Amino acid sequence: MSKSKRVRISNESLNSYGTRVLTAGMNIEQYNRNPVLLYMHERGQVIGLVKDLKVEGGEVSGELVFDEATELSRRCKKQWEFGSLKMVSVGIDILETSEDAKYLVQGQTAPTITKSKLFEVSLVDIGANDDAIALHKDGVRLTLGKDAADVLPPLHILNQPKTNKTMDQEKLALTLGLPANADEAAISAAIRQLQAKGEEVDSLKKSNGELLSARIEAMVDAAVNEKKILPAKKQHFVELGKKIGADGLKDTLDAMAPVQKASELISGGASGSKNAEYSKLSDVPAEKLEEMRKNDRAQYRRLYKAEYGFDCDI
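Residues numbered from 1 in each chain as written. Predicted model: local features only at pLDDT ≥ 70, side-chain atom pairs only at ≥ 80, totals over all residues. Heavy atoms only, no water.

Check the secondary structure of the protein chain and you find seven helices and nine strands. Classification of the 314 residues of the protein chain by burial places 35% in the buried group. Of the contacts made within the protein chain by residues no fewer than 6 positions apart, 60% connect residues no fewer than 24 positions apart. Summed over its atoms, the accessible surface of the protein chain is roughly 19000 Å², and 50% of this surface lies on carbon and sulfur atoms. (Helix = DSSP H or I, 4+ residues; strand = E, 2+ residues; numbered from the N terminus. Buried < 20%, exposed > 50% of the residue type's maximum accessible area, 1.4 Å probe, protein only. Contact = heavy atoms within 4.5 Å. Areas by Shrake-Rupley, 256 points an atom, 1.4 Å probe, with all protein chains shown as cover.)

And the structure:
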């Protein structure tokens, strides 16, 4: 018997058939009852067995033991130990396939084999997940070459003429900056990235809105402290700031003069004249402003609109 060593028998990488075999879906119970080791997947070319078969870490592995009962087995043992033959491959029955995007990888052209049954392992001259894998379905063996049986058809999306859905998908892919032939998985990933960016923008807008509101509140509070506006009118100017923006509100408040006491307005000039004409509300002396508001509402409204650009609510 040969000295054995553990070898990878199968994993989930893309093979030359354009498909993948999911390790988790591979049933090895029947094979463990008869763990035959063949040469190049040929029935009648038994050269030994596989022991300590394990399914773990997304791959199937085991240890090869050569029976040396034939010249072929003895030759294979020598080549195995020398290293000129060092790869193995599985023979499986396909039980279930899927075209679900979650099972597909870049470059895949055939459905993923999600459930299978292992029935033999072979020592081969070409790698297990490349040209040497042997697939069976409904009793038909799929082999490479121009005469291969069509056991695994192309993915549905690759085997259909262009439809409106396909053209819409191409248009969407190009809009997202992807190649026209981008698959649904790539398109979905790009859309998720855009959604994430949109959430960031919404969060930034919300943050900026909160900062703007705080700035407007501070400006109005300062105007109240400077006696430019009455405390009762604070909310009115806050709403005004939200409509015309912080810069517009600043210009409006800067144009307003503080309310002055009567003792500070001892002046006999035109501005103190009862019949004086004012161009805007901030031109009216403080002692006249309240009187005008009560007794000359028409002029007050006119000056208010000239000052702020819209009608007052008195």
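This part is about the environment of valine 284. Locating valine 284 in the fold gives a position in the loop between helix 5 (234-254) and helix 6 (286-295). Judged by its relative accessible area of 7%, valine 284 falls in the buried class. Along the primary structure valine 284 and alanine 257 are separated by 27 residues, whereas in three dimensions their C-alpha atoms are 9.2 Å apart.

The phi dihedral of methionine 40 falls on the positive side, at around 55°, and the residue is not glycine. Within the secondary structure, methionine 40 sits in the loop between strand 3 (36-39) and strand 4 (42-56). Judged by relative accessible area, methionine 40 falls into the partly exposed class, the value being 26%. Look at lysine 227: it is not a glycine, yet its phi comes out positive at around 60°.

Right, let's get into the packing of helix 6 against helix 7 (residues 297-308). The interhelical angle for the contact between helix 6 and helix 7, taken along N-to-C directions, is 120°, at an axis separation of 6 Å. In contact with Leu289, Met292, Arg293, Lys294 and Asn295 of helix 6, helix 7 contributes Arg297, Gln299, Tyr300 and Leu303. Class assignment of the residues belonging to the contact of helix 6 with helix 7 gives a composition of four nonpolar, two polar and three charged. (Axes fitted to C-alpha atoms, helices over the stretch in contact; angles between N-to-C directions. Nonpolar A, V, L, I, M, F, W, Y, C, P; charged D, E, K, R; others polar.)

Of all 13 residues making up strand 7 (residues 112-124), 10 are buried, and the element is well covered by its neighbours. One ladder, built from two bridges, connects strand 2 (residues 26-27) with strand 7; its direction is parallel. Within strand 7, the position partnered with methionine 26 by the bridge is serine 116. In this sheet, strand 7 lies alongside strand 3 in parallel orientation, the contact comprising three bridges. Bridge assignment links leucine 38 to a residue of strand 7, and that residue is serine 122. In the sheet, strand 6 (residues 87-98) pairs with strand 7 via 11 bridges, with the strands oriented antiparallel. Residue methionine 87 lies in a different strand from strand 7, and its bridge partner there is valine 124. (Pairing = 2+ DSSP bridges.)

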